[in-house]
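# Breakdown of the fold
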Amino acid sequence: MITDDFITYFGKVKQIGDGRFTALCPAHDDKNPSLAITEVDDRILVKCWSGCTAHEIVESVGLKIGDLFLQPLNDDLKQAYRTQYSENQKTKDKTYLALCNGARKHGEKLTSKELEKERECYLRVNQ
Ligand SMILES: [Zn+2]
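Nothing here was measured: the structure is a model prediction, and the numbers come from that model.

## Some details on the overall build of the protein
Along its length, the protein carries four helices and four strands. Reading the helices (α) and strands (β) of the protein from amino to carboxyl end gives α-β-β-β-β-α-α-α. Its C-alpha atoms give the protein a radius of gyration of 21 Å, more than 25% over the compact-globule value 14 Å for 127 residues. For the protein, the spread of C-alpha atoms along the three principal axes comes to 65 × 35 × 20 Å. Across the 127 residues of the protein, 14% fall into the buried class. The contacts of the protein with a sequence gap of at least 6 include a subset with a gap of at least 24, amounting to 37%.

Written as structure tokens, this is what we have:
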């Protein structure tokens, strides 16, 4: 996304320099623009002086962190994100598999929904 498009998602946008803007922060009840939007190299930086995170800010206007990049993510970055995601997901999946195994050991019958989820977890963990 280019900065010109990006800033249209925010209120009271004011340009304060080359590729630099202030706007109302959408992630908290902002009366005086406390959001700084700065275009740097290949991405857009957002900074709220009240401490809202970049995630909170972009999600508040229905965007994703990926939209902060002026160019589509290159493959290296995509890979890095994927690795990070799958590590988190893997831990969750393993926990779920352990829960299912535990339930079985105790003679509990899993519902078809649970079995389906277990299968998905199993496939992800062992991919
Ligand atoms: Zn904020």
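Further notes follow.
## Considerations on the domain arrangement of the protein
You can read the domains of the protein as domain 1 (3-68) and domain 2 (75-125). Each of domain 1 and domain 2 has a C-alpha centre, and the two are 36 Å apart.

## Topic: the pairing of strand β2 (residues 20-23)
Each regular strand displays side chains that alternate between the two surfaces of the sheet. Both strand β1 (residues 14-17) and β2 contribute to a ladder of three bridges, which runs antiparallel. Residue pairing in the sheet places Gln15 in a bridge with Phe21 of β2. The turn joining β1 and β2, which pair antiparallel and follow one another in sequence, is formed by two residues; a positive phi near 70° is taken by Gly19. In the sheet, β2 pairs with strand β3 (residues 35-40) via four bridges, with the strands oriented antiparallel. Counted as the bridge partner of Ala23 is Leu35 from β3.

## Brief notes about the sheet that holds β3
Pairing is antiparallel across the open sheet formed by four strands, whose spatial order is β1-β2-β3-β4. With one partner strand each, in any of the chains shown, β1 and β4 (43-48) form the two edges of the open sheet. Here the average twist between neighbouring strands, direction ignored, is 25°.

## As for the environment of Asn88
Here Asn88 lies in helix α3 (residues 75-105). A residue is classified by how many C-beta atoms lie within 10 Å of it, and Asn88, with 10 of them, is exposed. Between the alpha carbons of Asn88 and Lys105 there is a distance of 26 Å; along the sequence they are 17 residues apart.

## Quick word on helix α4 (residues 112-125)
Between its terminal C-alpha atoms α4 stretches 20 Å, which fits the 20 Å expected from 14 residues at 1.5 Å a residue. Across the 14 residues of α4, one count as buried, placing the element largely on the outside.

## Side note on the nonpolar core
The biggest cluster of nonpolar side chains holds 13 residues, and the ones touching the most others in it are Ala23, Cys25, Leu35, Ile37, Val46, Cys48 and Ile57. Of all the elements in the fold, those that place two or more residues in this core are β2, β3, β4 and α2 (54-60). Among the elements that line this core, the one with the most residues is β4, at three residues. The residues contacting Ile37, other than those within four sequence positions of it, are Ile7, Phe21, Ala23, Ile44 and Val46.

## Digging into unusual backbone geometry
Located in the positive-phi region is Lys12, a residue other than glycine, with phi close to 50°. Within the secondary structure, Lys12 sits in the loop between α1 (3-6) and β1. Classification of Lys12 by C-beta neighbours within 10 Å gives exposed; the count is 12. A positive phi angle, close to 50°, is found at Asp41, a residue other than glycine. In this fold, Asp41 is placed in the loop between β3 and β4.

What counts as what
Residues numbered from 1 in each chain as written. Predicted model: local features only at pLDDT ≥ 70, side-chain atom pairs only at ≥ 80, totals over all residues. Helix = DSSP H or I, 4+ residues; strand = E, 2+ residues; numbered from the N terminus. Rg over C-alpha atoms; globule rule 2.2 N^0.38 Å. Buried ≥ 20, exposed ≤ 12 C-beta atoms within 10 Å, placed from the backbone. Contact = placed C-beta atoms within 7 Å. Domains from an automatic or database assignment. Pairing = 2+ DSSP bridges. Axes fitted to C-alpha atoms, helices over the stretch in contact; angles between N-to-C directions. Expected span 1.5 Å × (residues − 1). Core = buried A, V, L, I, M, F, W, Y, C linked by C-beta atoms within 7 Å.

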